[in-house]
Amino acid sequence: MAKAVRRVLVSIFLLGAAWAAQASSPVLTLTQAHVQTQIEGVVTEGDVQLPYHWDGLHRGKRGFASFVLGFDLAEVSAEPYGLYISRLGNAYEVRLNGVLMERNGDMSAFNGADFAKAPRFIAFPANSVQTHNVLEIRIRADIGRRAGLTGLMLGPMTEMESLYFNDYHWRVTGSLVVAVVSLLVALVSLALWATQVDSSQSGWARRDPLYFYAGVAELFWTLRVADALVEVPPLPWVTWGTLAVLSAAIWAMGMALFCAQVAGWSGLRPVQWLRHWLVFLLALGIPVAVAALGYGYPAVLTAWYTMGSLTFIAFVAVFIWKALRSGILAHKVMAIVLMLNALLGMRDLVAYRLVSSYGTNTLQRYSSILFGLTLGYIVLMRFKEVSDSAKELMASLAARVAEKERELHSSFQRLETMAREQERTLERTRILRDMHDGVGSHISAAIRQLQSGQTSNDMVLLTLRDSLDQLKLSIDAMNLTPGDITALLANVRYRLGPRFAAMNLELQWAVDVLPTLISLDAAAMRQLQFIVFEALSNVMQHARATVLRMEAAVEPSVDRPGHSDVCVRIADNGCGFDVQSASKRGLATMGERARAIGAQLRVSSQPGATVVELRFPVDAHTEPMAKR
Amino acid sequence: MWRVLIVEDDPQMREFFAASVARAPELVLVASVGTVAQARAVLDDPGGIVDVLLTDLGLPDGSGLEVIRHARCKHPECEPLVISMFGDEENVLASIEAGALGYIHKDATPDDVAHAILEMKAGASPISPMIARRVLARLKGPVSQESTIGAVAIPGTPHGKGEVIQLSPREQEVLELIARGFSYQEIARLVQISVHTVQTHIKSLYRKLAVNSKSEAVYEATKMGLLQLHG
């Protein structure tokens, strides 16, 4: 509240002060001058009405002008005076009553620094303004560089200063804002162009040209607008001026192509023609600008500008017509902005190049900011659209991956089920074979024995015991580690040991730690179990032995020098038998089983020494038994 | 005089075991029953003492393992013995983990039965090479620490420390020889210890397996106060 009151009070005070100042010393507007020009050594003189537009009066020439303005004051105010000049240059000197007030630029260096871009304000020291005064202004004028002098305003310093600042803000600060906005849009667009890559495409199609057109257009527009802030060009004037001209052209061209892209016309034939035409115009711009700025033929540049403008206007007309029919908001906004720019562009063209007025400002730089903002908006919308659809794509991709994973999983499960099924089938086959060879044959033997009525109880009992032992061994076989012969022998001993003990058969056990033979799979282990069981069973039933010796060790191979064998030996001191006798069917079966599992079976027998020997080659695939 | 409870659902087998027990003067038959429920009832009798439990695994109203656990809970001094048809790995290991200290085959002679019971009470438990091998496979391998113990971690155990089967080097050596098929007598000779010491190692292994079996067994044991017993 207090703040508001204070603001009102301050305003009233300022108004009062301004009124008082106006009352004390009125503002003088000076537009009458005596001018002396010097062009290529030729000096001419005369009275002129300001503003003085050099390019309009001395087309294609460079030189100097000296303006003399006299003014009288009825009463000299105690308040300091200030001078505000909207435009003068390219280089200048200002003298009041013979005293140098301000100088900017080198008066003799043509095409040097250009100080005609910003308005000027000169504060006169106290007492320098008298009743009768002479103001002398000298300028250096380059070709095609908007040299000259506008009307002057002289008055109280504060008032002049505020006029100056107003002008300054429009021309310099305004340009700075436009340049910054344009640069921002340019950088965002170019960054998107550089980073947003459509990996499904190759080459140039990978990147969105929309971003490129926007980025390039705004980048060059930045250059063009920033030129208003550059008094000392980094390049020689003609090159720099040409660059500025081309920048504007590139901006317009980028805009047109951007709009065509937004409208989705990029593939159309007329747009391809337009593109060629614009490139041609751009190329033409170089000699045109050089001719106008370097050699003094501004009409060429004007014609060129006109050509560009007409092209643009035609394009804008088509675009607006299409945009109104399309119903897309972005297109309509774009159309309005385009139209505004086209209109102001035409106005600037007329004001600057056709009418040759001096002291006016271009307006397009301000309308261009709308362009820049619209363009930035569209670029960002495009980016959002693309990233949204990318997100969607990712989501659907993830869903598809999940789906595939499920399919894989279920097919894997099917496979697993099949494998298990097969395993079960194999297991069933194995158990059936076991039953047939082992328990089945023993039980049927027991039945035959009972049926014959000639067999003793003990014999039947023995057969049945064999049957049960076989059954236990086949159950144990399910848990035997394939290739672990030590475990197999230990288990056979565990199962049959009580029977040896019951028979008073002394068992000598000499089983070493053996390497695991990976060539022996589960089925082979079962075969080996049968062989060992058969051998031991023979000893128990027929040998009448008192000592049974079980040996297992790794020994040097007999028929493979340098290699070794796992050797299992079952020896007894019984009565022995004839090895060659054909009646030993069990022996033949043992031999077949041994061959089936890649083992060598050797049987030697004589009274008091029967040896059944099994040899397994130890090959490179053998895993040494882990030392426990 | 050891008091024996028999749990077997086959009446013929039950009679056979009852007769086998009756033949041995050192044994007294407490009862011979055919179901888990009946066995529980006998074990729950506050006046009764059971020194030996002889149980089948497959019972009409449950598993013999339940009877074993119940017996260990009610009568910590009771030593269970499992009646097994084949003495196969799975069943024997499960029984040991439940707390059994031995097993008898169904085809044993009457003398074998009494002998097995008395041997167990004297401190000898049977162990097959297959089971020895299985226990060894559970060990991570030889651990040569200062106290040199082989240890098997049992995952998911509720107690932070000591939930592993820890074997002394001697126990491990004995176990390896059993896995290779040597008898207790042969092992005693090879390692130069007494047969009794071999038996002690085996019995100790039984207790370790019972305590450190599976997480749920440990949980149950804790519930039943068994950990204090062995702790």
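Since the model is a prediction, treat every value here as computed from it, not as a measurement. Once a new chain begins, its residue numbering starts again from 1 and follows that chain's sequence as written. Labels follow written order: the first chain is A, the first ligand is 1, and so on. Since the coordinates come from a predicted model, pLDDT governs what is reported: local features require at least 70, and pairs of side-chain atoms require 80 or more to be given and counted, while whole-chain, interface and lining totals use all residues.

Participant: What exactly am I supposed to notice about the overall build of chain A here?
Facilitator: Each helix is a run of DSSP H or I of at least 4 residues and each strand a run of E of at least 2, with the numbering of both proceeding from the N terminus. Within chain A, the secondary structure is distributed over 13 helices and 18 strands. The burial label depends on the number of other C-beta atoms within 10 Å of a residue's C-beta. Counts of 20 or more mean buried, 12 or fewer mean exposed, and intermediate counts mean partly exposed, with C-beta atoms placed from the backbone. Expressed as a percentage of the 628 residues in chain A, the buried residues total 35%. A separation threshold of at least 6 residues defines the contact pool for chain A, and within that pool the share at least 24 residues apart is 77%. Once C-beta atoms have been placed from the backbone, residue pairs whose C-beta atoms lie within 7 Å are recorded as contacts.

Participant: I'm lost on the confidence of the model for chain B in this one. Help?
Facilitator: Note: predicted coordinates in regions of low pLDDT should not be interpreted at a detailed level. All names here are of chain B. Per-residue confidence from the predictor is reported as pLDDT, a score between 0 and 100. The predicted model of chain B averages 78 in pLDDT, with 79% of residues at 70 or higher. Note on residues 140-163: pLDDT is under 50 here. Beyond four places in sequence and across chains, it has 37 contacts. A low-confidence stretch, residues 220-231 stays under pLDDT 50, and its non-local contacts, those more than four residues away or across chains, total 12 contacts. Both confidence scores are given for the complex: pTM 0.51, ipTM 0.76.

Participant: Got a minute to help me understand the sheet that holds strand β10 (residues 120-123) of chain A in this structure?
Facilitator: One key point about sheets: their strands pair by backbone hydrogen bonds, in either a parallel or an antiparallel sense. Residue and element names in this part refer to chain A. Two strands form a pair only when DSSP identifies at least two bridges running between them. Within the open sheet, the four strands sit side by side as β1-β13-β6-β10. Their pairing is antiparallel. Every other strand in the sheet has two partners, leaving β1 (28-30) and β10 as the edge strands with one partner each. Pairs of neighbouring strands in the sheet enclose a mean axial angle of 20 degrees, with direction left out of account. Note that strand β6 (residues 81-85) and strand β13 (residues 152-156) share five bridges and pair antiparallel. Angles here are taken between N-to-C directions and fall from 0 to 180 degrees, while the axes themselves are lines fitted to C-alpha atoms, restricted in helices to the stretch in contact.

Participant: How do you make sense of the interface of chain B and chain A when you look at a structure like this?
Facilitator: Buried accessible area, meaning the area lost when the parts come together, often serves as the stated size of an interface. In this assembly, 16 residues from chain B lie in contact with 16 residues from chain A. Taken together, the elements giving at least two residues each to the side of chain B that touches chain A come down to α6 (129-138) and α7 (169-179) of chain B. For the side of chain B that touches chain A, the residue count by class is seven nonpolar, two polar and seven charged. Three classes are used: nonpolar for Ala, Val, Leu, Ile, Met, Phe, Trp, Tyr, Cys and Pro, charged for Asp, Glu, Lys and Arg, and polar for all others, with Gly counted as polar.

Participant: Mind showing me how you'd approach the sheet that holds strand β7 (residues 88-89) of chain A here?
Facilitator: Residue and element names in this part refer to chain A. What the three strands build is an open sheet, ordered β4-β12-β7; its pairing is antiparallel. Two strands in the sheet have a free side with no partner beyond their single neighbour: β4 (52-53) and β7. Both β7 and strand β12 (residues 148-149) contribute to a ladder of two bridges, which runs antiparallel. Looking at the pairing, L88 lines up with L149 of β12.

Participant: For this particular structure, what's the right way to read the nonpolar core?
Facilitator: For the purposes of this analysis, a nonpolar core is taken to be any set of buried Ala, Val, Leu, Ile, Met, Phe, Trp, Tyr and Cys residues that are connected through C-beta atoms within 7 Å. Of all hydrophobic cores here, the largest spans 100 residues; its most connected members are V4, L5, L53, L54, L81, I117 and I178 of chain B. If one sorts the elements of this core by residue count, helix α12 (residues 522-543) of chain A sits on top with nine residues. Membership of the second largest hydrophobic core comes to 62 residues, among which are F212, V225, A244 and W251 of chain A.

Participant: What should I look at first to understand the packing of helix α3 (residues 64-74) of chain B against helix α4 (residues 89-98) of chain B in this one?
Facilitator: When two helices pack together, their arrangement is given by the angle between their axes and by how far apart the axes lie. All names here are of chain B. At a minimum axis distance of 9 Å, the contact between α3 and α4 shows a crossing angle of 25 degrees. With respect to α4, the element α3 is oriented roughly parallel. Taken as a pair, α3 and α4 cross one another with a handedness that is right-handed. In this structure, α3 uses L65, I68 and R69 to contact α4, whose residues at the interface are A94, S95 and A98. Roughly parallel means an angle under 35 degrees; roughly antiparallel, over 145; roughly perpendicular, 65 to 115; everything else is oblique. In a left-handed crossing the near helix is turned counterclockwise from the far helix by less than a right angle, and in a right-handed crossing that turn is clockwise.

Participant: What should I look at first to understand the environment of L53 of chain B in this one?
Facilitator: Residues and elements named next belong to chain B. Counting through the fold element by element, L53 comes out in strand β3 (residues 52-56). Taking the C-beta count within 10 Å as the criterion, L53 has 28 such neighbours and is therefore assigned buried. For the pair L53 and V67, spaced 14 residues apart in sequence, the C-alpha to C-alpha distance is 8.7 Å. Not counting the four nearest positions on each side in its chain, L53 is found in contact with L5, V67, I68, A71, C78, P80 and L81.

Participant: Sorry if this is basic, but what is going on with α4 of chain B here?
Facilitator: In an α-helix, one turn spans 3.6 residues, which is why side chains three or four residues apart end up on the same side. Of all the positions in α4 of chain B, only V92, S95, I96, E97 and A98 of chain B are classed as buried. A positive phi of about 125 degrees marks G99 of chain B, the residue just after α4 of chain B.

Participant: For this particular structure, what's the right way to read the pairing of strand β1 (residues 2-7) of chain B?
Facilitator: Each regular strand displays side chains that alternate between the two surfaces of the sheet. Residue and element names in this part refer to chain B. Taken together, the six bridges between β1 and strand β2 (residues 27-33) define a ladder with parallel strand orientation. Each residue of the ladder has a partner; that of W2, found in β2, is L27. Note on handedness: a crossover is taken as right-handed if, strands pointing away from the viewer, the path from the first strand over the helix to the second is clockwise. Regarding topology, helix α1 (residues 11-23) serves as the crossover connection from β1 to the parallel β2, and that connection is right-handed.

Participant: I would appreciate a short explanation of the environment of A263 of chain A in the present structure.
Facilitator: Residue and element names in this part refer to chain A. Relative to the helices and strands, A263 resides in helix α5 (residues 237-263). Taking the C-beta count within 10 Å as the criterion, A263 has 20 such neighbours and is therefore assigned buried. When the C-alpha positions of A263 and M334 are compared, they lie 9.9 Å apart, and in sequence the two are 71 residues distant.

Participant: Is there a simple way to think about the packing of helix α10 (residues 457-477) of chain A against α12 of chain A in this case?
Facilitator: Residues and elements named next belong to chain A. With their axes 10 Å apart at the nearest point, α10 and α12 run at an angle of 155 degrees to one another. Classified by the angle their axes make, α10 and α12 are roughly antiparallel. In this structure, α10 meets α12 at a crossing whose hand is right-handed. Here D466, Q470, L473 and A477 of α10 lie close against α12, whose contacting residues are M525, R526, Q529, F533 and S537. Considered class by class, the residues forming the contact of α10 with α12 number four nonpolar, three polar and two charged.

Participant: Mind showing me how you'd approach unusual backbone geometry here?
Facilitator: Phi is mostly negative for residues that are not glycine, and the peptide bonds are mostly trans. Residues and elements named next belong to chain A. For the peptide bond that leads from L50 to P51, omega is 5 degrees, which places it in the cis range. Structurally, the position occupied by P51 is in the loop between β3 (42-49) and β4. We note that N97 has phi near 50 degrees; this positive angle belongs to a residue other than glycine. Tracing the chain through its elements places N97 in the loop between β8 (91-96) and β9 (99-104). Among the residues examined, N97 registers 14 C-beta atoms within 10 Å and is labelled partly exposed. A positive phi angle is found at R146, which is not glycine, with a value near 50 degrees. Looking at R146, the number of C-beta atoms within 10 Å reads 20, which means it is buried.

Participant: It is not clear to me how helix α5 (residues 110-121) of chain B should be interpreted in this structure. Could you clarify?
Facilitator: Residue and element names in this part refer to chain B. Here, expected helix span is obtained from the residue count minus one, scaled by 1.5 Å. Here α5 contains 12 residues, and its C-alpha end-to-end distance of 17 Å stays within 8% of the 16 Å for a straight helix at 1.5 Å per residue. Of the residues making up α5, those classed as buried are V113, A114, A116, I117 and M120. When α5 is viewed along its axis, its buried side chains cluster within an angular range of 155 degrees and face the same direction. Considering only its buried residues, α5 is in contact with β1, α1, β2, β3, β6 (79-84) and β7 (103-105). A positive phi of about 110 degrees marks G123, the residue just after α5. Here the arc refers to the directions that run from the helix axis out to each C-beta atom.

Participant: What's the story with the pairing of strand β16 (residues 564-572) of chain A in this structure? I'm lost.
Facilitator: All names here are of chain A. Buried residues dominate β16, accounting for seven of its nine residues. Bridge analysis of strand β15 (residues 547-556) against β16 gives nine bridges, and the strand direction is antiparallel. Following the sheet pairing, L548 is matched in β16 by D572. Taken together, the nine bridges between β16 and strand β18 (residues 609-618) define a ladder with antiparallel strand orientation. By the bridge assignment, D572 is partnered in β18 with T610.

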